Amino acid sequence: MSSPAVSALLAPDARLRRRKLVNHMMEGIGTLAALAAISALVLVVYAVASRGYSALDRNFFTKVPATFGESGGGIANSIAGSIVIVLCATAIALPFGVLVAIYLGELAPKRVSRVFSLVLDVLNGLPSIVIGIFIFALFVVGHGQSALKASFALSIIMLPLVARATQEVLALVPKELREGSLALGVSRWRSVLGVILPTSFGGILTGATLAVARAAGETAPLLFTCSVTVTQTSWNPHEALQSIPLTIFEFLESPDPADHARAWAAALVLMTFVLVLSVLAKAALARSRRKLSR
Amino acid sequence: MRALGRRSVADRLGDWILYGLTGGAALGAMLIVVLLAYKLVDEARPAISKYGIGFLWSRAWDPVRNHFGALDFIFGTFYTSFFALLIAGPMSIAIALFLSELAPRFVRGVVGTLVEMLAAIPSVVIGLWGVFVLGPALTEHVNPFLGSAFGFLPFFRGGPGNGNNLLTAVVVLAIMVIPISASIARELFLSVPQELEDGALALGLTRWEMIRGVILPYTRGGVVAAIILGLGRAVGEAIAVTQVIGGTLGIHLSLFKGGDTLASRIAAQYQGAASNLQIASLVYLAVILLAISLVVNLGAQLIVRRFEFQRTGGS
């Protein structure tokens, strides 16, 4: 029911047209930026997958590296080593991180909690190579390298991730559960162990998964704590074991192009593992966030 | 009936253990940071006592004659990080705006997940890709164009050598920084109160004008902190950078030439370090890196906290 006069009033003038143009341009720039980031991801994943796929076979996962110049051989010792190192690191970081999160989220007074939160955030931002040198100076000098010492270094990297994820899920526990337990006269420790922790269990698990995904890909700390080359497959944490990220790093330096192909294949294995874990963990975290905050 | 208010021994003991364990764990985390700083300085002592503070502006690095100095790497660290942030800063903000304001709902989830996947890729894999794919691609297709179009700038002079140069390192660093800054910025943009956004739109502003007039000013401090946190990541990245940066000495403005950063030199030279003095010098580099990283990270965290305080009115 718009008369010609109203239509004339509503017609865009030059200034409005210009503003709309600028708006469209900016939206385009935002879309382009997102596309650029996605294409970087696609380029990397595609390059690793296409170059690494050909070297993947059963031998790759079950055999140890062949001597220089020979074909065949795989990264079985690296896989074993990585599993040992990351498992031990998780065994250290998980309880440690959950304890810290419980203290910060449940027990500490506000001001104390803020200070410790800052410490955790600073710890999270430390370069991993610095953490590697720390463990080197603390444990390796004079005593030699071992997978366990590498686990210590990785656990320091994992600690803030576990603590932060745990804090998040702890905060999502409904207040009624917490207060009801305390109102019934249940002591603090029983409330935490029996009510709060079980409710947050899933979230803690996903936090640990994210931390594992991060630790599995770290190379710099391994350089200083567990980089002596061994070709036998061993599961002993007190020895210096081979690990996947270091294997990739070392294959790169080799002049043998077959080693480069193995580097791509190992990179494909590592990248797939890390990406799958990350995506699954983030999806689970988002789902539990939605469930608990409804 | 037991007197109400008297708690059992088990309860009190359990509580005591709980407070002790968790408080101890928190103290332990703080102890790690302090011990780390101390141990690093301790391990670098041979180099610190030999060179003192002059290490920071000495240009030497000669393992054969046992002369070491940090200036080339301090320059390399700041130079590469500066350019990486130049690229990553605006891009992170643009991506964060896309993810929080501009994209349709169903696109946001997918793109957000993809950006987070980029963050999850291990640095050694990105370095591998940088050496064999990005470096050659830049040398063949991008560097000649940059040299001819922008050669009047000192950054693009000096013929493109091989792919291992500062420019490749800058691109690699940008790729690693963008996901971090973008997700922090996205959280910030999502936290702007809906009434402010809706009010602006209701007054007839276009989407971009609303972003420029409401969202960006509202989140200004936090966005700065997000970018500074990205800087912290760029400064500390060792493995990906050392694979693509060329590992040479020299202070020059040309991005086409090679160079080195603090973290990258430590990673490259540790395993071949010949003398105790060289190892101590490498740890001295790590001390400098730690100092830079602490300043940057603490700075970012304090900005975030003050910004939060301002925004929530002190609650």
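Since the model is a prediction, treat every value here as computed from it, not as a measurement.

Cut-offs and rules
- Residues numbered from 1 in each chain as written.
- Chains lettered and ligands numbered in written order.
- Predicted model: local features only at pLDDT ≥ 70, side-chain atom pairs only at ≥ 80, totals over all residues.
- Heavy atoms only, no water.
- Helix = DSSP H or I, 4+ residues; strand = E, 2+ residues; numbered from the N terminus.
- Rg over C-alpha atoms; globule rule 2.2 N^0.38 Å.
- Buried < 20%, exposed > 50% of the residue type's maximum accessible area, 1.4 Å probe, protein only.
- Contact = heavy atoms within 4.5 Å.
- Polar contact = N/O pair within 3.5 Å; in protein donor to acceptor, adjacent residues only side chain to side chain.
- Buried area = accessible area lost by both parts, 1.4 Å probe.
- Salt bridge = Lys/Arg side-chain N within 4 Å of Asp/Glu carboxyl O.
- Expected span 1.5 Å × (residues − 1).
- Core = buried A, V, L, I, M, F, W, Y, C linked by side-chain atoms within 4.5 Å.
- Axes fitted to C-alpha atoms, helices over the stretch in contact; angles between N-to-C directions.
- Parallel < 35°, antiparallel > 145°, perpendicular 65-115°, else oblique.
- Nonpolar A, V, L, I, M, F, W, Y, C, P; charged D, E, K, R; others polar.
- Phe/Tyr/Trp six-rings, centres within 6.5 Å; stacked < 30°, edge-to-face > 60°.
- Disulfide = S-S within 2.5 Å.
- Patch = residues over 30% accessible without salt bridge, like charges linked within 9 Å, V, L, I, M, F, W, Y side chains within 5 Å.
- Areas by Shrake-Rupley, 256 points an atom, 1.4 Å probe, with all protein chains shown as cover.

Q: How would you summarise the overall build of chain A if you had to cite specific residues and measurements?
A: Counting its secondary structure elements, chain A contains twelve helices and zero strands. In chain A, the succession of helices and strands from N to C terminus is α-α-α-α-α-α-α-α-α-α-α-α. Relative to its length of 294 residues, chain A is extended, with a C-alpha radius of gyration of 26 Å against a globular reference of 19 Å. Taken along the three principal axes of its C-alpha coordinates, chain A extends 90 × 65 × 35 Å. Going through the 294 residues of chain A one by one, you find that 50% of them count as buried. Contacts spanning at least 24 positions in sequence make up 74% of the contacts within chain A whose residues lie at least 6 apart.

Q: I'd like a description of the overall build of chain B, backed by residues and values.
A: Looking only at helices and strands, chain B features twelve helices and two strands. Scanning chain B from its N terminus toward the C terminus, one meets helices and strands in the order α-α-β-β-α-α-α-α-α-α-α-α-α-α. Over its C-alpha trace chain B gives a radius of gyration of 24 Å, far above what one expects of a compact globule, namely 20 Å for 315 residues. A principal-axis box enclosing the C-alpha atoms of chain B has dimensions of 85 × 60 × 30 Å. A burial count over chain B gives 52% of its 315 residues as buried.

Q: Explain the environment of Ala137(A) residue by residue, including any values.
A: Inspection of the secondary structure puts Ala137(A) in helix α6 (residues 128-140). Dropping the residues within four chain positions of it, Ala137(A) is found in contact with Lys39(B) and Glu43(B).

Q: I'd like a description of the side chain of Arg265(B), backed by residues and values.
A: All names here are of chain B. As for its placement among the helices and strands, Arg265 is situated in helix α11 (residues 262-269). A relative accessible area of 6% means that Arg265 is categorised as buried. Side chain to side chain, Arg265 and Asp260 meet in a polar contact 2.8 Å long. Once residues lying within four places of it in the same chain are set aside, the contact partners of Arg265 are Trp61, Phe73, Gly247, Thr248, Leu249, Asp260, Leu282 and Leu285.

Q: Now, about the environment of Gly74(A): what can you tell me, with residues and values included?
A: All names here are of chain A. Locating Gly74 in the fold gives a position in the loop between α3 (58-62) and α4 (76-107). Note: C-alpha distance between Gly74 and Phe60 (14 residues apart in sequence) is 3.8 Å. Filtering out sequence-adjacent residues up to four positions away, Gly74 remains in contact with Asn59, Phe60, Lys63, Val64 and Pro65.

Q: Let's hear about the interface of chain A and chain B: which residues, and what values?
A: Counting residues at the interface gives 76 residues for chain A, matched by 70 residues for chain B. Across the chain A/chain B interface, buried area totals approximately 6800 Å², and carbon plus sulfur atoms make up 80% of it. The largest per-residue losses of area from chain A upon contact with chain B belong to Leu41(A), Phe134(A) and Trp189(A), which jointly make up 8% of the total buried on that side. Our enumeration of links across chain A and chain B arrives at three salt bridges. Among the ionic pairs, Glu209(B) bridges to Arg19(A), the shortest N-O distance being 2.7 Å.

Q: With reference to specific residues and values, describe the pattern of salt bridges.
A: Applying the stated criterion to the full structure yields 16 salt bridges over all chains. Each member of the salt-bridge network shares a partner with another, and the members are Lys282(A), Glu116(B) and Arg186(B).

Q: Got a sec to walk through helix α4 (residues 105-120) of chain B? Specific residues and values, please.
A: For α4(B), spanning 16 residues, the distance from its first C-alpha to its last is 23 Å, which sits close to the expected 22 Å at 1.5 Å a residue. Every buried residue of α4(B) is accounted for by Arg108(B), Val111(B), Gly112(B), Val115(B), Met117(B), Leu118(B) and Ala120(B).

Q: Run through the nonpolar core, naming residues and quoting values.
A: Judged by nonpolar contacts, the single largest core of 170 residues is most densely connected at Ile129(A), Ile248(A), Leu40(B) and Leu285(B). Ignoring anything within four residues of it in the chain, the contact list for Ile129(A) reads Ala220(A), Phe224(A), Ala238(B), Ala263(B), Ile266(B), Ala267(B) and Leu289(B).

Q: Just give me the short version of the packing of α6(A) against helix α1 (residues 9-43) of chain B, but keep the residues and values in it.
A: A pair of packed helices is captured by two measures, namely the crossing angle of their axes and the spacing between those axes. Direction vectors running N to C along α6(A) and α1(B) enclose 70°, while the axes themselves pass 9 Å from each other. Taken together, the axes of α6(A) and α1(B) lie roughly perpendicular to each other. Of α1(B), the residues touching α6(A) (which contributes Val130(A), Ile131(A), Ile133(A), Phe134(A), Phe136(A), Ala137(A) and Leu138(A)) are Ile32(B), Leu35(B), Leu36(B), Lys39(B), Leu40(B) and Glu43(B). Of the residues that constitute the contact of α6(A) with α1(B), the class distribution is eleven nonpolar, no polar and two charged.

Q: How would you explain unusual backbone geometry if you had to name every residue and give the values?
A: For residues other than glycine, phi is negative in most cases, and the peptide bonds are mostly trans. Within the chain, Asn66(B) stands out as a residue other than glycine whose phi angle is a positive 60°. By relative accessible area, Asn66(B) is classed as partly exposed at 26%.

Q: Pulling in residues and values, what's your account of the packing of aromatic side chains?
A: Residue and element names in this part refer to chain B. According to the stated counting rule, one finds 18 aromatic pairs over all chains in the structure shown. Ring geometry for Trp61 versus Phe73: centroids 5.2 Å apart, planes at 85°, classification edge-to-face. Remark: Phe73 occurs in helix α3 (residues 71-102) and Trp61 occurs in strand β1 (residues 61-62); sequence separation between them is twelve residues. Exposure remark for Trp61: the relative accessible area of 6% places this residue in the buried category.

Q: An account of α11(B) is requested, with residue identities and associated values reported.
A: Side chains that are three or four residues apart share a direction in an α-helix, a result of its 3.6 residues per turn. Within α11(B), seven of the eight residues are buried, which leaves the element mostly enclosed by the surrounding structure. Within the span of α11(B), buried status applies to Leu262(B), Ala263(B), Ser264(B), Arg265(B), Ile266(B), Ala267(B) and Gln269(B).

Q: I'd like a description of the state of the cysteines, backed by residues and values.
A: Residues and elements named next belong to chain A. In total, this model carries zero disulfides over all chains according to the counting rule given. Counting only cysteine sulfurs, Cys226 is the nearest neighbor of Cys88, a cysteine outside any disulfide, at a range of 10 Å. Under the relative-accessibility criterion, Cys226 is labelled buried at 0%.

Q: Lay out a nonpolar patch on the surface with the relevant residues and their values.
A: Residue and element names in this part refer to chain B. Taken together, the side chains of Val9, Leu13, Trp16, Ile17 and Leu21 define a hydrophobic patch exposed on the protein surface, amounting to about 570 Å² of accessible area. Relative to the assigned elements, Leu21 resides in helix α1. A residue is classified by how much of its surface remains accessible, and Leu21, at 48% relative accessible area, is partly exposed.

Q: Would you mind going over the packing of α4(A) against helix α11 (residues 244-253) of chain A in detail, with residue names and values included?
A: Residues and elements named next belong to chain A. At their nearest, the axes of α4 and α11 sit 8 Å apart, and the two run at 140° to each other. Classified by the angle their axes make, α4 and α11 are oblique. The residues of α11 that touch α4, namely those facing Ser78, Ile79 and Ser82, are Ile244, Pro245 and Thr247. Residues of the contact of α4 with α11, tallied by class, amount to three nonpolar, three polar and no charged.

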